[in-house]
Amino acid sequence: MTIDDVLSAELATGRPVPTAVAGEPYESWQVISDDGRVELGIWEVTPGSFRGETDGVYEQMHFVAGSGTITDADGVVTAIRPGVVMLCPDGWSGVWDVRETIRKTYAVVKTR
């Protein structure tokens, strides 16, 4: 799969982000593979702010489009832009502030 494939992929599922704190962010995704322990996919979210957390999972994200920031519970800010890779260990939490619709690939590994 190439970056062009990720950027042009139709995302089959969507909903308002349930943890929104500002704006009306809407998330969509496509699961590419899920063996019950590891899930791989493409995810997109429209502008807005929302809380995020990893509970019982470890996630690796590779951003391919969009812009914004993610501020973790310790106050560390990660600038989101194409090419950025972010790792979120089990127990991570933070706030997303999306300025331009973000698209990423992800790998989520269950830890329990």
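Residues numbered from 1 in each chain as written. Predicted model: local features only at pLDDT ≥ 70, side-chain atom pairs only at ≥ 80, totals over all residues. Heavy atoms only, no water.

Re the overall build of the chain
Just so we agree on the cut-off: Helix and strand assignments follow DSSP, with helices taken as H or I runs no shorter than four residues and strands as E runs no shorter than two, numbered in order from the N terminus. Remark: exposure states derive from per-residue accessible area (1.4 Å probe, protein chains only) relative to the maximum for the residue type, with buried under 20%, exposed over 50%, and partly exposed in between. By definition, residues are in contact when any of their heavy atoms lie within 4.5 Å. Areas reported as accessible are Shrake-Rupley estimates using a 1.4 Å probe. Residue values count occlusion only from the protein chains shown.
Counting secondary structure elements, the chain contains one helix and nine strands. Moving toward the C terminus, one meets the helices and strands of the chain in the order α-β-β-β-β-β-β-β-β-β. For the chain, the spread of C-alpha atoms along the three principal axes comes to 35 × 30 × 25 Å. Classification of the 112 residues of the chain by burial places 37% in the buried group. A sequence separation of at least 24 residues applies to 62% of the contacts in the chain between residues at least 6 apart. Total accessible area on the chain is roughly 6200 Å²; 50% of this is exposed by carbon and sulfur atoms.

Looking at the packing of aromatic side chains
What characterises a pair of aromatic rings is the spacing of the ring centres plus the angle enclosed by the ring planes. The criterion, for reference: Two aromatic rings from Phe, Tyr or Trp, using only the six-membered ring of Trp, form a pair when their centres are within 6.5 Å; if the ring planes differ by under 30 degrees the pair is stacked, by over 60 it is edge-to-face, and anything between is tilted.
In total, this model carries four aromatic pairs according to the counting rule given. For the ring pair Trp43 and Phe50, a centre distance of 6.4 Å and an interplane angle of 65° mean the geometry is edge-to-face. Arranged with centres 5.4 Å apart and planes meeting at 65°, the rings of Trp43 and Trp96 form a pair that is edge-to-face. A residue pair is termed long-range when its members are at least 10 positions apart, and Trp43 in strand 4 (residues 38-45) and Trp96 in strand 9 (residues 93-110) qualify at 53 residues. Trp96 carries the same exposure label as Trp43, and that label is buried.

Examining the pairing of strand 7 (residues 77-80)
Operational definition: A pair of strands is treated as paired once DSSP finds two or more bridges between them.
Pairing of strand 6 (residues 57-72) with strand 7 involves four bridges; the strand directions are antiparallel. Residue pairing across strands places Gly68 opposite Ile80, the latter belonging to strand 7. Taken together, strand 6 and the strand that follows it, strand 7, pair antiparallel across an intervening segment of four residues, in which Gly75 is found at a positive phi of about 90°.

A word on the pattern of salt bridges
Operational definition: For this document, the term salt bridge refers to a Lys or Arg side-chain nitrogen within 4 Å of an Asp or Glu carboxyl oxygen.
For the structure shown, the criterion picks out five salt bridges. Notably, a salt bridge pairs Arg15 with Glu27, separated by 2.6 Å at the nearest N-O pair. With Arg15 in strand 1 (residues 13-16) and Glu27 in strand 3 (residues 26-34), the pair connects residues that are twelve residues apart, well separated along the chain. What makes Glu27 buried here is its relative accessible area of 9%. In this structure, the salt-bridge partner of Lys104 is Glu59, at a minimum N-O distance of 2.9 Å. With a gap of 45 residues between them, Lys104 in strand 9 and Glu59 in strand 6 connect regions that are remote in the sequence. Using a relative accessible area of 4% as the deciding quantity, one classes Lys104 as buried. Glu59 gets classed as buried once you look at its relative accessible area, which sits at 13%. One network of salt bridges, in which partners are shared, links Asp55, Asp90 and Arg112.

Side note on the nonpolar core
Put simply, the test is: As used here, the term nonpolar core means buried Ala, Val, Leu, Ile, Met, Phe, Trp, Tyr and Cys residues forming a set that is joined through side-chain atoms within 4.5 Å.
If you look at the biggest cluster of nonpolar residues, it comprises 18 residues, and the most contacted ones within it are Val45, Phe50, Phe63, Ile70, Met86, Trp96 and Ile102. A total of five residues in this core trace back to one element, the largest contributor, which is strand 9. Those residues within four positions of Trp96 in sequence are excluded, and the remaining contacts are Trp43, Gly48, Ser49, Phe50, Gly52, Met61, Phe63, Thr69, Ile70, Ile80, Ile102 and Lys104. If you look at the next biggest cluster of nonpolar residues, it comprises five residues, including Val6, Ala9, Leu11 and Val64.

By themselves, these observations are geometric and do not establish any function.
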